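Listed below are the residues making up each chain.
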Amino acid sequence: IAAGGQHTLALKADGTVIAWGSNSAGQLGDGTQVSRSSPGPVNGLAGVSEVAAGYFHSIALAGDGTLWSWGYNYQGVLGQGDQDQRNTPTRIAGLPLVASFAMGAGHTLALGRDGTVWAFGTNGSGQVGDGSTTDRFSPVQVTGLANVTALAGGGNHSLALRADGTVWSWGKNYSGELGDGTNTDRSRPAPVPGLTGVVAIAAGDSFSFALKADGTVLAWGANWSGQLGDGSGLEKTSPTPVPALASIASLSGGGTGAMAL
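Remember, it's a predicted structure, so these values are computed and weren't measured experimentally.

Reading the values: the criteria
Residues numbered from 1 in each chain as written. Predicted model: local features only at pLDDT ≥ 70, side-chain atom pairs only at ≥ 80, totals over all residues. Heavy atoms only, no water. Helix = DSSP H or I, 4+ residues; strand = E, 2+ residues; numbered from the N terminus. Rg over C-alpha atoms; globule rule 2.2 N^0.38 Å. Buried < 20%, exposed > 50% of the residue type's maximum accessible area, 1.4 Å probe, protein only. Contact = heavy atoms within 4.5 Å. Areas by Shrake-Rupley, 256 points an atom, 1.4 Å probe, with all protein chains shown as cover. Salt bridge = Lys/Arg side-chain N within 4 Å of Asp/Glu carboxyl O. Pairing = 2+ DSSP bridges. Axes fitted to C-alpha atoms, helices over the stretch in contact; angles between N-to-C directions.

A. Representation of the overall build of the chain in the model. Scanning the chain from N- to C-terminus turns up zero helices and 22 strands. The C-alpha radius of gyration computed for the chain amounts to 18 Å, which stays within 12% of the reference 18 Å derived for 261 residues, consistent with globular compactness. Oriented by its inertia axes, the alpha-carbon framework of the chain measures out at about 50 × 35 × 30 Å. The 261 residues of the chain split such that 53% are buried. Contacts in the chain between residues at least 24 apart in sequence constitute 45% of all its contacts with a sequence separation of at least 6. Here the chain displays about 10,400 Å² of accessible surface, and carbon together with sulfur accounts for 53% of that area.

Here it is, written out as structure tokens:
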């Protein structure tokens, strides 16, 4: 199940998707712009393995490795090569077979089955990772990344986990969310210094997490609401251990809060 700005998607066991809520931009994928207060089918989708909901758009990954999008398309968030709204799911062209994907506020990251990373959407802070700050209406390959196993999208920044346990970051860095000890935006991926042995990553609006193999967690970035969990309320531009967390299995970052299981 996935919750967006004002709509919800649910993936059923048979690989179909249902949706409900606001439909002002076609984000329910039923071919209309009529909002719905009870679940209804998303048209034309089958064999789906993963869904995600943005503010006014939706994305689904099918088991055959194809990625599909629908809804509002400002600044190319649908990856369809234009800014035209889609009221039903449309396959995103120009991608290799996709293993998984992650969404930020206005950009999407796709992990190829070959370990490459692709991205599209808003790019004012370099969060697409192609060395530019130009919005990308179609997928482009993120430069300098290979052997990637997982992705996380923050508000306007991006994270990638490589098979060697290192974490790479790029995009907006106003609050230190890239973890490189600075507040300088970066439009190409670079490793987060000092991070090794990482098995999972997560991102919130302006902050980031890394879960290590021993079940401990490190966090960095914005902390004005205590989202880094270190009790300080102070921004951290480099990874900092989250006290009192041990034997953690997974993490989730939200707008200004986080959860660990």
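B. Fine view of the pattern of salt bridges. This structure, assessed with the given rule, holds five salt bridges. We note a salt bridge from D30 to R36, for which the minimum N-O separation is 2.6 Å. For the pair D30 and R36, a shared accessibility class is recorded, and that class is buried. Between D230 and K236 there is a salt bridge; the shortest N-O distance is 2.7 Å. Across this residue pair, the class does not change: D230 and K236 are buried.

C. Molecular detail of the side chain of R36. Following the sequence through the fold, R36 ends up in strand β4 (residues 36-41). Under the relative-accessibility criterion, R36 is labelled buried at 19%. With residues up to four places along the chain from it excluded, the contact list for R36 reads A19, W20, G21, L28, D30 and P41.

D. Expanded view of the sheet that holds strand β11 (residues 117-121). The strand order β9-β10-β11-β12 describes an open sheet built from four strands, whose pairing is antiparallel. Because the sheet does not close on itself, it has two edges, and the strands there are β9 (98-103) and β12 (136-141). Adjacent strand axes in the sheet meet at a mean angle of 20° when their direction is disregarded. Two strands pair when backbone bridges link them, and β11 and β12 are joined in this way by three bridges, in the antiparallel orientation. Each residue of the ladder has a partner; that of W118, found in β12, is Q141.

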